[in-house]
Amino acid sequence: MYLKNKTAKLLTVSYLFFGILSPSLAQNQLQPEPPVAKYNVSWDSLGNYSADSMPLGNGDIGLNLWTEQNGDVLFYISKTDALLENASPVKLAKIRVSFQQGSFVGTSFSQVLHLENGEIVVSGGIGANTTKLHIWVDANHPAIRVEADAEKPIMMKVSLEPWRTIEQDKPTFVSADVVLRQGKDALLWYHRNDKTKIKEIENLTFGAKLMGENFEAGEENTLISVTAKKIQRFSVYPFTATTSSIEDWKSQLERQASYLNKMDWPKTYAAHQQWWKQFWQRSYIYIDGDESSYKVTQGYVLQRFVTACAGRGAHAIKFNGTIFTVDNPAENKGKDKITGKELIEPVNADFRAWGGQYWFQNTRPIYWPMLASGDFDMMGPLFKQVLDMMPGNKNIIKQYYNHDGFYFAETANYWGGLPELKPDKPGKYTDRYFTPVLELSSMMLDYYDYTGNPSFLRDTLLPIINGGLTFFEQHFPKDDQGKLLLSPDNSIEMYWDVSNPLPDIAGLHYVLDRLLALPAKQVGSDMRSNWLRIQKLLPGIPVGTKEGHQVLLPYESDPKNAGPHNTENPELYAIYPFRIYGLDKPDYPLALQTFNSRLIKRSGCWHQDPIDEAFLGLSDQAKKDVTFNLTNSDPRLRFPAFWVRGHDYMPDEDNGGNGQLGLQKMLMQCDGKKILLLPAWPKEWKADFKLYAPFQTTVEGHVEQGKVTGLKVSPQNRLNDIKIWQQ
């Protein structure tokens with residue numbers, strides 16, 4: 001289930017709680033510290049601007065929270081479905097919290113992200129002058145909660161600081177935000193797309209209501225506490241909906257805010273804590289053993305946290321900044337066309353390089369690790385997003401090519417859309433790039449194996465996969481032997497308009513093999529017969545010779561000017577994501593030689609060396625590259641898991657996702673029912689781990705000196721499928 005904030009479908013959860021305490025008191029209880037708390041992020045000095053922020057979120061609503069030198073606490077609010085008229089995902093608001101007493105300036109200061117609770121605590125002062133500010137985004141409801149807890153009564157001011165205050169016409173039309181008073185003790189604001197030219201987001205409105213228990217209206221766009229108290233609280237209730245009128249939207253928001261505002265804070269906080277407790281107990285990898293182990297573990301933990309903060313919303317996670325983009329005082333906008341000089345300009349937190357579209361090659365690294373970590377609830381938005389594209393894209397394919405089938409473009413908005421690829425159209429990076437539907441099919445087959453969800457198989461997996469297979473069969477001609485001839489077709493972005501590119505050929509083989517392994521009663525004889533028929537049409541995977549050695553080839557034949565055009569190794573798609581070759585599989589020397597002969601040797605961002613190395617059992621190389629990815633912080637950003645922008649934008653989710661997946665595959669790999677432990681694990685690393693495997697299986701234990709102890713497999717009958725790799 002994804003978090004949604006439509007009034008008619010408000011999340012309601014019933015819990016039984018014993019000894020419930022307020023957030024401020026709960027922090028002080030003497031309880032064993034959970035293992036994940038070792039990797040909390042703690043700062044002891046004030047910040048300057050949003051580059052010094054920590055992330056927080058509930059899967060749909062996110063915060064970038066920071067402090068300034070005057071002691072104020074600020075946060076940007078994001079929401080996964082907050083889109084401008086040009087379909088760019090943007091911030092929903094900026095909030096400033098100020099104190100008349102109990103300021104954090106000139107005092108003992110700390111700002112801590114408590115991973116175990118999904119909470120940030122900002123504190124300052126000594127003894128009787130101590131003030132703490134607790135901030136959390138309710139894991140179960142669309143609500144932001146802020147509580148000041150002071151030893152002495154304090155006054156607090158909360159300010160909304162809008163920046164989209166003027167309508168703009170260039171480069172595209174964007175209307176101004178609207179701020180309204182709501183009685184004496186609340187603020188409401190919104191942005192409405194009633195003049196957009198994009199029908200999919202027409203009349204989309206996003207905004208929020210801010211209200212507090214002891215507040216009244218102050219100067220413009222502010223609320224101020226009525227009386228000084230030791231406890232001061234306020235909430236923000238973000239809301240997005242497509243409505244026929246702004247009055248309808250405001251009415252829906254009012255109903256939702258009223259409902260949420262009546263909730264008991266201690267009970268909702270306890271339920272929020274329980275969600276995060278279960279999240280961290282669901283799976284883990286905690287490494288020890290050398291000087292790199294702490295930072296690698298923290299990188300893995302924080303990447304999973306950042307993903308969880310954005311992974312249960314209306315749309316898939318954006319690779320180029322997720323919902324945690326920040327202000328950038330020096331963005332490189334390229335070169336001036338006349339002078340050739342670099343154009344360095346300041347941009348605000350609404351900006352992200354590569355815009356609002358999804359590149360599937362950049363999106364996939366975020367989602368592959370969710371399988372082993374058991375974060376299946378966060379995969380739903382991606383699958384639903386592609387499923388929702390099907391009707392429109394199928395109609396476009398019929399219109400352009402007069403045949404059936406489905407694929408989705410490598411580069412597309414969340415609602416889909418396809419370019420018209422006429423025969424004389426020159427090659428381009430993403431135009432004849434049909435691989436995504438095959439890779440998503442592979443991911444969905446894994447999801448089904450891990451979860452065993454029959455409705456997912458019936459309603460999502462099979463429609464998408466069968467649509468993709470139909471497209472490939474009907475879109476391409478046959479060669480002289482009656483085999484499919486995939487030409488012209490891109491070998492991802494690297495080689496353009498080639499024949500029989502390896503990613504698509506390997507993908508078709510791999511997906512069909514997996515489909516034919518599904519239980520016959522789940523798919524029916526007609527569907528299986530069709531898969532067998534298509535399987536017989538497939539040409540072989542391209543293999544050839546390079547520098548005297550047999551290797552996999554990126555394509556079968558090459559017209560002039562095919563490339564290379566990018567920095568990718570498409571021939572390695574037969575290792576990952578289409579796991580035909582690898583450790584403990586046939587033709588391992590062929591796969592290893594292909595990897596060693598690869599043109600591009602890089603880690604970081606979307607480069608997949610760390611994952612290929614793990615699948616090939618190259619423990620030293622995998623350790624080196626995974627360590628690089630999971631410590632590759634952007635030097636301009638204070639939070640250690642806001643990764644350097646690479647080819648994308650910061651924080652770069654490709655970088656963290658590939659590091660996360662690489663680490664998982666170093667520790668455990670699954671192939672059918674086989675579970676291979678320690679396939680690329682360095683002996684100097686110790687680890688405590690719990691990971692998920694296919695067929696509703698969990699595997700946990702301790703690793704030390706290349707040995708596994710305390711092995712626990714659930715269900716127990718899967719213990720027979722464990723194989724521990726001896727390097």
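Attention here is on the structure that accompanies the text. Within each chain, residue numbers correspond to sequence positions counted from 1 in written order. Selection of residues for local features in this predicted model requires a pLDDT of at least 70, selection of side-chain atom pairs for listing and counting requires 80 or more, and totals for whole chains, interfaces and linings are taken over all residues. Side-chain metrics in this entry use all non-hydrogen atoms of the structure; hydrogen atoms and water are not considered.

1. Describing unusual backbone geometry
Glycine aside, residues mostly have negative phi, and peptide bonds are mostly found in the trans state.
Moving on, step 1. The omega torsion across lysine 170 and proline 171 is -5 degrees, close enough to zero to call that bond cis.
Moving on, step 2. Put simply, DSSP marks the helices as runs of H or I at least four residues long and the strands as runs of E at least two long, and each gets a number from the N terminus on. By the element assignment, proline 171 lies in the loop between strand S10 (156–160) and strand S11 (178–181).
Moving on, step 3. Despite not being glycine, tryptophan 354 shows a phi value in the positive range, around 75 degrees.
Moving on, step 4. Along the chain, tryptophan 354 falls in the loop between strand S19 (342–347) and strand S20 (358–359).
Moving on, step 5. Of the residues examined, tryptophan 354 reaches a relative accessible area of 48% and is grouped as partly exposed.
Moving on, step 6. The phi dihedral of isoleucine 492 is positive, around 45 degrees, even though this residue is not glycine.
Moving on, step 7. Looking at where isoleucine 492 falls in the secondary structure, it is placed in the loop between strand S22 (489–491) and strand S23 (495–498). Type-normalised accessible area, obtained with a 1.4 Å probe on protein chains alone, sets the label of each residue: buried when under 20%, exposed when over 50%, and partly exposed for intermediate values.

2. What about the sheet that holds strand S4 (residues 73–83)?
Moving on, step 1. Only strands joined by at least two bridges in the DSSP assignment are considered to pair. With respect to topology, seven strands assemble into an open sheet ordered S2-S3-S4-S5-S10-S15-S14, the strand pairing being antiparallel. The sheet is open, and its two borders are formed by strand S2 (54–57) and strand S14 (215–217), each paired with just one other strand. On average, adjacent strands in this sheet sit at an angle of 25 degrees to one another, irrespective of strand direction.
Moving on, step 2. Alignment of strand S3 (residues 61–67) against S4, held across seven bridges, turns out to be antiparallel. Axis definition: a line fitted to C-alpha atoms, limited for helices to the stretch in contact. Angles are taken between N-to-C directions and run from 0 to 180 degrees.

3. Some words on the pattern of salt bridges
Moving on, step 1. Any Lys or Arg side-chain nitrogen found within 4 Å of a carboxyl oxygen on Asp or Glu counts as a salt bridge. Taken as a whole and judged by the stated rule, the model has 39 salt bridges.
Moving on, step 2. Between lysine 209 and glutamate 254 there is a salt bridge whose closest N-O contact spans 2.7 Å. Within this pair, whereas lysine 209 is found in strand S13 (residues 204–212), its partner glutamate 254 is found in helix H2 (residues 246–261), the two being separated by 45 residues in sequence.
Moving on, step 3. A relative accessible area of 8% means that lysine 209 is categorised as buried.

4. Concerning the packing of aromatic side chains
Moving on, step 1. Here the aromatic set is Phe, Tyr and Trp, taking the six-membered ring for Trp, and pairing holds for ring centres within 6.5 Å; pairs whose planes are under 30 degrees apart are stacked, those over 60 apart are edge-to-face, and all others are tilted. Under the definition given, this model contains 47 aromatic pairs.
Moving on, step 2. For the ring pair tyrosine 495 and tyrosine 555, a centre distance of 5.1 Å and an interplane angle of 70 degrees mean the geometry is edge-to-face. Of the two residues, tyrosine 495 is situated in strand S23 and tyrosine 555 in the loop between strand S25 (549–552) and helix H13 (588–596); the sequence distance between them amounts to 60 residues.
Moving on, step 3. Residue tyrosine 495 is classed as buried on the basis of its relative accessible area of 11%.

5. A closer look at the packing of helix H9 (residues 454–475) against helix H12 (residues 525–536)
Moving on, step 1. At their nearest, the axes of H9 and H12 sit 11 Å apart, and the two run at 35 degrees to each other. Between H9 and H12 lies a crossing of left-handed hand. Two secondary-structure elements touch here, H9 through Leu462, Asn466, Leu469 and Glu473 and H12 through Met527, Trp531, Arg533 and Ile534.
Moving on, step 2. Here the residues of the contact of H9 with H12 are counted per class, giving five nonpolar, one polar and two charged. Less than a right angle of anticlockwise turn of the near helix away from the far helix marks a crossing as left-handed, whereas a clockwise turn marks it as right-handed. Contacts were defined at the residue level, with two residues in contact if any of their heavy atoms lie within 4.5 Å. Three categories are distinguished: nonpolar for Ala, Val, Leu, Ile, Met, Phe, Trp, Tyr, Cys and Pro, charged for Asp, Glu, Lys and Arg, and polar for the others, with Gly belonging to the last.

6. Topic: the nonpolar core
Moving on, step 1. Here, nonpolar core means buried Ala, Val, Leu, Ile, Met, Phe, Trp, Tyr and Cys residues that are tied together by side-chain atoms lying within 4.5 Å of each other. Ranked by internal contacts, the top residues of the largest apolar core, which has 200 residues, are Leu133, Leu515, Leu663 and Trp681.
Moving on, step 2. When residues no more than four places from it in sequence are discounted, the contact partners of leucine 133 are Val73, Val97, Phe99, Phe104, Ile120, Val121, Val122, Val146, Glu147, Ala148 and Met156.

No statement about biological role is implied by the geometric values presented.
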